[in-house]
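Spelled out from the first residue to the last, the chains are:
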Amino acid sequence: MKTVAFHTLGCKLNFSETSAIGRQFLEGGFSKTEFSNPADVYVVNTCSVTEQANRKCRNIIRQAMRRNPEGFVIVVGCYAQLKPQEIADIPGVDMVVGAGDKFRILELVEDFTKTENPCVFHDEIAEVNDFVHAYSVGDRTRAFLKIQDGCDYKCSFCTIPLARGKSRSDSLENILQNAESLGNQGIREIVLTGVNTGDYGKDQPEDFLDVVQALDLQGAVDRFRISSIEPNLLSHEIIAFVASSQHFMPHFHVPLQSGSNELLGKMRRRYNRELYQDRVEKIKSVMPHACIGVDVIVGFPGESETLFEETYQFLNDLDISYLHVFTYSERENTLATKMPNKVPLKIRNQRSQRLRNLSEMKRRHFYEQFLGSERKVLLEDAEKEGKMYGYTDNYIKVEMPYETTLANQLMEVSLEQINHKGFVASEVLDAKIS
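Residues numbered from 1 in each chain as written. Predicted model: local features only at pLDDT ≥ 70, side-chain atom pairs only at ≥ 80, totals over all residues. Heavy atoms only, no water.

A. View of the pairing of strand β4 (residues 72–77). Counting buried residues in β4 gives 6 out of 6 residues, a clear majority hidden from the surface. Side chains Phe72, Ile74 and Val76 of β4 all project onto a buried face; the interleaved residues Val73, Val75 and Gly77 project onto the opposite face, where all are buried too. With 6 bridges connecting them, strand β3 (residues 41–46) and β4 associate as parallel partners. If you follow valine 41 over to β4, its bridge partner there is phenylalanine 72. Pairing of β4 with strand β5 (residues 93–97), which is carried by 3 bridges, proceeds in the parallel orientation. Across the sheet, residue valine 73 finds its bridge partner in β5, namely valine 93. (Buried < 20%, exposed > 50% of the residue type's maximum accessible area, 1.4 Å probe, protein only. Helix = DSSP H or I, 4+ residues; strand = E, 2+ residues; numbered from the N terminus. Pairing = 2+ DSSP bridges.)

B. Representation of the pairing of strand β18 (residues 397–401). Note that strand β17 (residues 387–392) and β18 share 5 bridges and pair antiparallel. In the strand pairing of β18, methionine 388 is matched with methionine 400. In sequence, β17 turns back onto β18 through a hairpin of 4 residues, with tyrosine 395 there showing a positive phi of about 65 degrees. As paired elements, β18 and strand β20 (residues 424–428) share 2 bridges and run parallel to each other. Its bridge partner being in β20, valine 398 is matched across the sheet by valine 424.

C. Broad picture of helix α13 (residues 345–368). Compared with an ideal rise of 1.5 Å per residue, which puts 24 residues at 34 Å, α13 spans 35 Å between its outermost C-alpha atoms and is within 8% of the ideal. When we look at burial in α13, the residues that qualify are Arg348, Arg351, Ser352, Leu355, Leu358, Ser359, Lys362, Phe366 and Tyr367. (Expected span 1.5 Å × (residues − 1).)

D. Main features of the sheet that holds strand β7 (residues 135–137). Taken in spatial order, the 4 strands make up an open sheet running β7-β8-β11-β12, and their pairing is mixed. On the outer flanks of this sheet lie β7 and β12 (223–226), each paired with one strand and no other. Here the average twist between neighbouring strands, direction ignored, is 20 degrees. Sheet topology note: the strand β8 (residues 142–146)/strand β11 (residues 189–193) ladder contains 5 bridges and is parallel. Looking at the pairing, leucine 145 lines up with leucine 192 of β11. (Axes fitted to C-alpha atoms, helices over the stretch in contact; angles between N-to-C directions.)

E. Broad picture of the environment of threonine 197. Looking at where threonine 197 falls in the secondary structure, it is placed in the loop between β11 and α8 (208–217). Of the residues examined, threonine 197 reaches a relative accessible area of 2% and is grouped as buried. Along the chain, threonine 197 and phenylalanine 208 lie 11 residues apart, while their C-alpha atoms are 7.8 Å from each other. What threonine 197 contacts, discounting residues up to four positions off in sequence, is Ile147, Gln148, Leu192, Phe208, Ser227 and Ser228. One polar contact links the side chain of threonine 197 to the main-chain amide nitrogen of glycine 194, over a distance of 3.2 Å. (Contact = heavy atoms within 4.5 Å. Polar contact = N/O pair within 3.5 Å; in protein donor to acceptor, adjacent residues only side chain to side chain.)

F. Local environment of unusual backbone geometry. A positive phi angle is found at asparagine 333, which is not glycine, with a value near 65 degrees. With respect to the helices, strands and loops of the structure, asparagine 333 is situated in the loop between β15 (322–327) and α13. Look at glutamate 385: it is not a glycine, yet its phi comes out positive at around 55 degrees.

G. Examining helix α12 (residues 305–317) more closely. Compared with the 18 Å implied by 1.5 Å per residue over 13 residues, the 18 Å span of α12 between its first and last C-alpha is a close match. Residues of α12 that are buried include every one of Leu307, Phe308, Thr311, Tyr312, Phe314 and Leu315, and no others. Considered in projection along α12, the buried side chains sweep an arc of 165 degrees and stay on one side of the axis. Among the exposed residues of α12, those oriented more than 90 degrees off its buried face are Thr306 and Asp317. Close packing links the buried residues of α12 with α10 (261–267), α11 (273–286), β14 (291–298), β15 and α13. (Arc of directions from axis to C-beta.)

H. Layout of the layout of surface pockets. Empty space within the second largest pocket amounts to approximately 320 Å³. If you trace the second largest pocket, you find 17 residues lining it, with Ser245, Gln246, His247, Met249 and Asp393 closest to the centre. Of all the secondary structure elements, the ones that give two or more residues to the lining of the second largest pocket are α9 (236–244) and β16 (374–379). By residue class, the composition of the lining of the second largest pocket is 8 nonpolar, 4 polar and 5 charged. (1 Å grid on protein atoms, 1.4 Å probe; cavity = no way out; pocket = protein on both sides within 12 Å on 5 of 7 lines; lining within 4 Å. Points joined across faces, edges and corners; volume = space filled by probe spheres on them. Nonpolar A, V, L, I, M, F, W, Y, C, P; charged D, E, K, R; others polar.)

Okay, structure coming up:
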């Protein structure tokens, strides 16, 4: 039996698709092994959001070759769609598969034996129109469920539409069936994923709110989270429904990218800072305990010191919980690469560090508000140095001594103190285990 190993770079959507490809290999008679082991076949699912992501891909390929020089290396994902020949030229690569064929690997190749000339399967992104459903099951606690793919937005810094194609969605019927199937496998939490998740329904009779409402009525899964949603697509109706829901968690991840309206315009974002502030205030007005995460880009062309300070102060004043900070990286075939007033890399890095420091302060402040309280936690079935971890409904990460019987359990815990790793040390209230 041949072995196959997988490595995923990038977003939750990539993880769900890697899992779907992995199940195809298992059904095809392969045995899965860890990527750190020698394997007959290596599959690398790539990201291309930044140049650093491209470099990581190349490093991962070299690692695979060191583990087994005769291993058959397949590269899929966004980087493979955007720069197939660049990947094919990397020593050790045997197969490059673009967006339209990544779920057809076993149809495209019969003999996984290394060759001198890599096979490249690549279609123009305009020809990639199908939706292929996928979900990942990394452990028996949580799963990422893909409900949408592609993006019709044309942000000036982003290559994702070039790598993923137009916005398209799974059917509501399939989504509900997949959620039920995951629940029957013991999954207790599902994270809804997509490239532009809130844009669900361009090619379906339902919209994103319909999906959320329908999933809330099913009984197979205890918890749902929305992975990320654009502020202009996060309607007051969605916020109000989550506030009244028993199954959707009070946790939102809402990309901002900049707190400057001038830069938001140059980025071609579809909202301004006033709309963003409105969404944050609406969430907090109906769910004061909600966790709100924010994406922000630092060092975009034209970001003067004044405009950066505008972003910093805007974020500092907002009632948010943490930041994901991205240092701007030039991407080929985007409008931003042609814009003047490039920010020196050293200054980009300095500003990124300031925002990461702000994020730590925001996260700690958010955690401190709930010390001494009791919240329901889903504990993961994984042990690390005698500890186990989980998240409250509002995304506070907790740590406690490992206990097998607590794995994959929803329970009330008391939040005691923030430890040196930044997690909340917790104590189980045994009577409330469910």
